[in-house]
Amino acid sequence: MIVRPRFKSLSCLIALATLTPGASRAADDQTQTPHQSTGQMIASLPWIHGPATIGVDGSSELKIPAGYEVLSPPSGRKFLALIGNLVSEKDNQDYILQPESNDKDWFMDFHYVNSGHIGDTDTIDAAELLTSMTEQSAAENKERKAAHLPQLFPAGWQTPPRYDQQTHRLEWAYRFKTDDGSLITNLNTRLLTRTGYYRVLMVGDVDTYGADRDEFNIALTYLQPTLGNRYSDFKTGDKLAEYGLMGLIGGGAAAVAVKTGLIGVVITFVVKIGSALLSSKAIVAVIGFFALLWTRLKSVFSRKKDK
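Basis of the calculations
- Residues numbered from 1 in each chain as written.
- Predicted model: local features only at pLDDT ≥ 70, side-chain atom pairs only at ≥ 80, totals over all residues.
- Heavy atoms only, no water.
- Buried < 20%, exposed > 50% of the residue type's maximum accessible area, 1.4 Å probe, protein only.
- Helix = DSSP H or I, 4+ residues; strand = E, 2+ residues; numbered from the N terminus.
- Pairing = 2+ DSSP bridges.
- Salt bridge = Lys/Arg side-chain N within 4 Å of Asp/Glu carboxyl O.
- Expected span 1.5 Å × (residues − 1).
- Polar contact = N/O pair within 3.5 Å; in protein donor to acceptor, adjacent residues only side chain to side chain.
- Axes fitted to C-alpha atoms, helices over the stretch in contact; angles between N-to-C directions.

Asker: Please explain the pairing of strand β9 (residues 169-177) as it appears in this structure.
Answerer: On a regular strand, one side chain projects to one face of the sheet and the next to the other, so that they alternate. Along β9, seven of the nine residues are buried, which leaves the element largely enclosed by surrounding structure. Bridge count for strand β8 (residues 153-164) against β9 is seven bridges, and the pairing is antiparallel. Each bridged residue has a counterpart across the sheet, and for P154 the counterpart in β9 is F176. The sheet contact formed by β9 and strand β10 (residues 183-192) spans seven bridges and is antiparallel. Residue pairing for β10: E171 is matched across the bridge by T189. Here β9 folds back onto β10 in antiparallel fashion, the turn holding five residues, of which G181 has a positive phi close to 95°.

So this is what it looks like as structure tokens:
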């Protein structure tokens, strides 16, 4: 999930026993016993393992291949909260798809928006969008600071916005800097349908962005509107959305900051490693701490085993 590659080579195995203060606030709908780690809580969620096919909101099907796992609502919101994200009732329809392999460090978060049919002929102004993102981030950072979560500052485009007329997919990715200058990013995608769109977010790491994006784009093909609900099935008289492509990007920009947090990065890494360990006979060093600075946490995770 969200972790830098160098952390995968850890020989000192760590599980996080206590959520950070910010993450505790984000996960206010969770009940964690003193003997249950964050990793155990996530492992206990009702994951659907591939191969399987499920129906999803918005009249679509999601084909889950072997090697992937999915959470349906409302468990998706619980997952987001547990890994340190600010969540609200609007997140209660989120689905989560991720690779099961510990070597894959990204996940997909998506939900359906019944906006009406969206016109796709307007021109995308990337400069205007970047200015808007900067303004939105300033407001978002006030909320993150109040919740004791690290602030995020826009640092340009990771992937400039572009729309594919054949697949009816819109994508873009902002690049953000954390308080200590570390870079993080999310890939935003909007999959248009006859009656609305899917808001899809790939949460990953800047260092592995290219490879993650390739796998994500394949995984996104597993989500397919059913016959009659495809974008091309639009008919005169269908409800029309009040905005086009620019509105989709502008309206979804703030979600980047909401869904991506420095604490989420750390907790996600520990959860991925810790969950596997807690189900095995390996010796686990359980630590509890309340650090908020990435530099401090990075030094903890970078320590090598003495033996």
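More follows now that the structure is in view.
Asker: What is the right way to look at the pattern of salt bridges in this model?
Answerer: Any two side chains of opposite charge can pair, so long as their charged atoms come close to each other. Across all of its chains, the model carries five salt bridges by this definition. In this structure, R213 and E171 form a salt bridge, with 2.5 Å as the shortest nitrogen-oxygen distance. Residue R213 is located in helix α5 (residues 209-220), and its partner E171 is located in strand β9; the two are separated by 42 residues in the primary sequence. The same class applies to R213 as to E171, namely buried. Among the ionic contacts, a cluster of salt bridges with common partners joins R162, E171 and R213.

Asker: What is the right way to look at unusual backbone geometry in this model?
Answerer: Note: most residues except glycine have negative phi, and most peptide bonds are trans. Residue P51 is reached from G50 by a cis peptide bond, and omega for that bond is 5°. Looking at the element boundaries, P51 is found in the loop between β2 (48-49) and β3 (52-56). Cis rather than trans, the peptide bond between P73 and P74 has omega equal to 0°. The topology assignment puts P74 in the loop between β5 (68-71) and α3 (75-82). Positive phi outside glycine occurs at H168, with the angle close to 60°. In this fold, H168 is placed in the loop between β8 and β9.

Asker: Even after reading the chapter, I still don't get helix α4 (residues 126-146), so can you show me in this structure?
Answerer: If you check α4, its first and last C-alpha atoms are 30 Å apart, about what 21 residues at 1.5 Å a residue would give, namely 30 Å. With a side-chain oxygen positioned 3.2 Å from the backbone nitrogen of A127, the residue opening α4 is D125. Within two residues after α4, H148 carries a phi angle of roughly 60°, on the positive side.

Asker: Even after reading the chapter, I still don't get the sheet that holds β3, so can you show me in this structure?
Answerer: Whether parallel or antiparallel, the strands of a sheet pair through hydrogen bonds between backbone atoms. What the three strands build is an open sheet, ordered β3-β4-β12; its pairing is antiparallel. Where the open sheet ends on each side, the last strands, each with one partner, are β3 and β12 (223-225). Averaged over all neighbouring strand pairs, the angle between strand axes comes to 25°, with direction disregarded. When strand β4 (residues 60-64) meets β12, the two strands line up antiparallel, connected through three bridges. Among the inter-strand pairings, L62 is bridged to a residue of β12, identified as L223.

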